[in-house]
Amino acid sequence: KRVAAAEGILLRIAEMVAVLASQACATCEALNASMLREMPDVDALRSLQDDLQLAPAVLEDVADILDGMKETAALLDPFNAVLSEEQQEIYFAALRWPAVLRERIATTEGKFSNRENFMREQLDAQHEALGLEIEAIRLSAQELMSRGYLLSDAAGVAKKVCKIFENLQKAEVTTKTLRGRGLLLGIQLQPHPEIEQTKKRFAPFATLWQTANEWIDTETKLLKSTLGDIDVGVLEELLDRSSAGIAGVHDYYVRATGVEIDAKSGRMPNALAVTAEMNGKLEGFRPYLPLLHHLCGPGMRAHHWASLSERLGYVVNTGTIFADLLKREILEHDTVVLTVCEDAAKEYEVEQICALMEFEHGEEMTMAFALFQRSYTATITNAEELSTWLEEQTLRLVGVQFLPERARFAQRLEKLADAVDTTILVFDALVRWQRAWAFLQPILSSEDIVQQLPNEVAAFRAVDGVWRKTIRAAEETGLLVKFALGNRNISVINRSIETLEGVTKGLARHLDEKRAAFSRFHFLSNEEVLRVVSCSTQPQQLQPLFCRLFAPVQHIVFAHEIDPRALLNTAGSVCRGSVRPASVAQSRGQTAASLTASRVAAAPGTPLPPILAGSRPGTRESAAVAHLPHGTRVDTPDLEVRRHEAAAAVTMLASRSFEGEVLSFDQSVQATGRIEVWLAHLERAMLRAVHTAIHDALDSYDPSPAPRVAWALRGSRNAISDEGRSAVSQATIVTSQLKWTDAIGLALSAGGGPACQSLRMRLQLVLTEISSTLRGKLPQSERTLLSALFTSDVHFRDVLTTLVEERAESTSDFSWLSALRYSVGPA
């Protein structure tokens, strides 16, 4: 086995030697092939130069491969192992290649040098020949321009001009090619500016004769053409282009010669004479152009040709040859031709209007639809676009109504007018129907509205079925005109609109009743009142509108926003008073699912009710449940929690202002029953809560400086607040104003003077304490409260200063009567 393994390793080493030898041979053969290729042009020469530059690097790579091959072959010597004949042949061939390549490179370098010199000489000869060729072209162009030609020679001269331009173009291409080869060979060839100079001098002459040849050729074809084959637009474009070109040539020759008349011969130079003759031909044809416009117009019909032939006295039609009209001097009868052709143009305009309207009726104006909210039916979404289109149709019909040419199309126009009138009638009714339906559909689909307005809802549902059927038919048809013409029973649409108008009036009466029952509904629009009414059983959805009904209120706190563990007492009833609610911001993010687990627990210290539902079979509790009479309702904790959750969702406990103050109600308000009733209860609860807050503040008032600041920042007895601060700042300020008014009244009743002075000093101490507190760190809400309180106290200090200065002695003095005073009136 060891011998077999050794032999395998030696064979593998021999194969590696053969692989390296093959790799070296392949590289050398590729380099040798590149040295042997032909060099027919400069690009091949430059490619060979690149290979010669890379040859030393290739030889170094081959030497590295051969060194590796020799080192690998040396591993076989200690074991007297030899390569196979084939491997030996490859091995020695690889060893011979470097010497062969060095000789090949030296030979190729000499060949390259000789070929490069030959190509440079060849390039110089080609460049010199090109210069002679360019000079010959220049002389040929100069000789052509020096001859005097007549306008009748335009065809021959134009061919010679084209030939010269073709030669100049070839010479320019050859110049670019030779300069590119010169750059490859390292030779900077001189450019040939004679080409551009010859082009520039030859261009006016070429323009003259090419334009003349083109126009003469066109004129010849025109004389043989029939009126039906003439393209007047192309002819007019050629005439304008030729006139502009001849005018430019004329200006060039005048600037070049400086004169228009030769002083010696008294004649124009040949070029100017040809230009003037050509310009005369162009301007002589121009009067025929309007005539051709009319005769070849698209509105000419058989009766127009017949009328024109009758007036001219000979037959004229689309097959008439233009040369025959010139022989009959048609230009002298241009008035007759223009009269007939203008009538044809007007009739053609009316015909085009009819064709356009018929096309739009049958193809263009489609109705676009989209689903309306959650009604599972569609409405027309491009009503404005369709209305604009119908106005355009009407204006088109009005525009042709009084034209005398409309007589030939009276039947088509009458049919179109009938279609447009019917479409407008149906479309206007459909839009009014859709507007009324879209307004009422989301309102009358609310369950609360269904219960409050059963008659109106029934009438709307009857119309709703007809609307859905009609809109489905419109979707299937797609085209507005086709739908309108196929739906001529406009009385059904009008009856539906009348029904919806009656429903709208009933809805308006319902809203008036709501406003009469709860006056704050006057602050809301009809849409907002409807939204409020439709959410009467879901009062939490009215949070965005509470600020419109009650200006200072941002949020109404419901019982389900309070910490759920405090909602149940031992009897399972909702308890208040000592309940500490969670913040409103946190409670908004809670869901019923997240509260369920926590609401099954009672308040701290409260025993849980016995667990009945979910007891395991065989236990005492499950046995007790099993022996209950059939139909007996068992209040399990889950049922109890769900019942309290439902009650908490409609129980309102407090209101929250935009400043974050929370005012708790004396009694909770239940958002059940008619919405205007419980909103009125909510309003009264807010008023009672404000009265309670003010009276609580009056009872706890302390006039001493330090206790007064603490009193101002106290937590109210029924306030719902996370910080424990006063929830009603206005109650604090009003209480302060009432107390200072009473104190000043008592001081004046005691004779004023020293009593007012003493009171003023005490008020100054209070202001000093408030000022000191304001200079410390306070929340923004407390700083705002103390700032308002400070302003109010400054007012009373100023009043006391005035009373002391004017020596007021009783409450009947004018200085006291003229001051702003506060008192409590009947609620």
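Please read these numbers as outputs of a predicted model, since none were measured by experiment.

**Describing the packing of helix H2 (residues 42-74) against helix H3 (residues 85-146)**
At a closest axis distance of 10 Å, the pairing of H2 and H3 adopts a crossing angle of 165°. When the axes of H2 and H3 are compared, the pair comes out roughly antiparallel. Where H2 crosses over H3, the handedness of that crossing is left-handed. Counted by class, the contact of H2 with H3 contains 18 nonpolar, two polar and six charged residues.

**Thoughts on the nonpolar core**
Counting residues in each nonpolar core, the largest one holds 92 residues, and the members touching the most others are Phe205, Phe285 and Leu295. Setting aside residues no more than four positions away along its own chain, phenylalanine 285 makes contact with Trp215, Leu222, Leu235, Leu239, Leu292 and Phe322.

**As for the packing of aromatic side chains**
Counting across every chain of the model gives 17 aromatic pairs. Geometrically, the ring pair formed by phenylalanine 372 and tryptophan 437 is tilted, given 5.3 Å between the ring centres and 55° between the ring planes. Of the two residues, phenylalanine 372 is situated in the loop between strand E1 (369-371) and strand E2 (378-380) and tryptophan 437 in helix H13 (residues 410-444); the sequence distance between them amounts to 65 residues. On the basis of relative accessibility, which here comes to 0%, the residue tryptophan 437 falls in the buried class. Taken together, a centroid distance of 5.3 Å and an interplanar angle of 80° make the contact between phenylalanine 518 and phenylalanine 521 edge-to-face. Of the two residues, phenylalanine 518 and phenylalanine 521, neither departs from the other in class, the shared state being buried. When the ring centre of tyrosine 314 is taken as origin, the NZ or CZ atom of arginine 328, which lies over that ring, is 4.3 Å away. One residue, arginine 821, lies across the ring of tryptophan 816, its end atom 5.9 Å from the ring centre.

**Thoughts on unusual backbone geometry**
Among all residues except glycine, the phi angle is most often negative; among peptide bonds, the trans geometry is most common. Its identity is not glycine, yet asparagine 80 carries a phi of approximately 55°, on the positive side. By the element assignment, asparagine 80 lies in the loop between H2 and H3.

**So, the sheet that holds strand E4 (residues 651-657)**
Across a sheet, paired strands are connected by hydrogen bonds in the backbone, their directions being either parallel or antiparallel. A sheet is described by the order of its strands in space; here three strands give the open sequence E3-E4-E5, paired in antiparallel fashion. A strand with exactly one partner marks an edge of an open sheet, and here the two such strands are strand E3 (553-558) and strand E5 (662-670). Across the sheet, the axes of successive neighbouring strands diverge by a mean angle of 25°, strand direction being ignored. Looking at chain direction, E4 and E5 are connected through five bridges and run antiparallel. Looking at the pairing, alanine 654 lines up with serine 664 of E5. Relative to E5, helix H24 (residues 675-699) is tilted by about 140°, and along the sheet it contacts E3, E4 and E5.

**What about the side chain of threonine 175?**
Note on placement: threonine 175 falls in helix H4 (residues 154-185). Setting aside its immediate chain neighbours within four residues, threonine 175 contacts Leu130, Ile134, His192 and Ile195.

**Remarks on the pairing of E3**
Counting buried residues in E3 gives five out of six residues, a clear majority hidden from the surface. Inspection of the sheet shows E3 paired to E4 by five bridges, in the antiparallel sense. Paired with phenylalanine 558 across the two strands is methionine 652, which belongs to E4.

About the criteria used
Residues numbered from 1 in each chain as written. Predicted model: local features only at pLDDT ≥ 70, side-chain atom pairs only at ≥ 80, totals over all residues. Heavy atoms only, no water. Axes fitted to C-alpha atoms, helices over the stretch in contact; angles between N-to-C directions. Helix = DSSP H or I, 4+ residues; strand = E, 2+ residues; numbered from the N terminus. Parallel < 35°, antiparallel > 145°, perpendicular 65-115°, else oblique. Left-handed = near helix turned anticlockwise from the far one by under 90°. Nonpolar A, V, L, I, M, F, W, Y, C, P; charged D, E, K, R; others polar. Core = buried A, V, L, I, M, F, W, Y, C linked by side-chain atoms within 4.5 Å. Buried < 20%, exposed > 50% of the residue type's maximum accessible area, 1.4 Å probe, protein only. Contact = heavy atoms within 4.5 Å. Phe/Tyr/Trp six-rings, centres within 6.5 Å; stacked < 30°, edge-to-face > 60°. Lys NZ or Arg CZ within 6 Å of the ring centre and 35° of its normal. Pairing = 2+ DSSP bridges.

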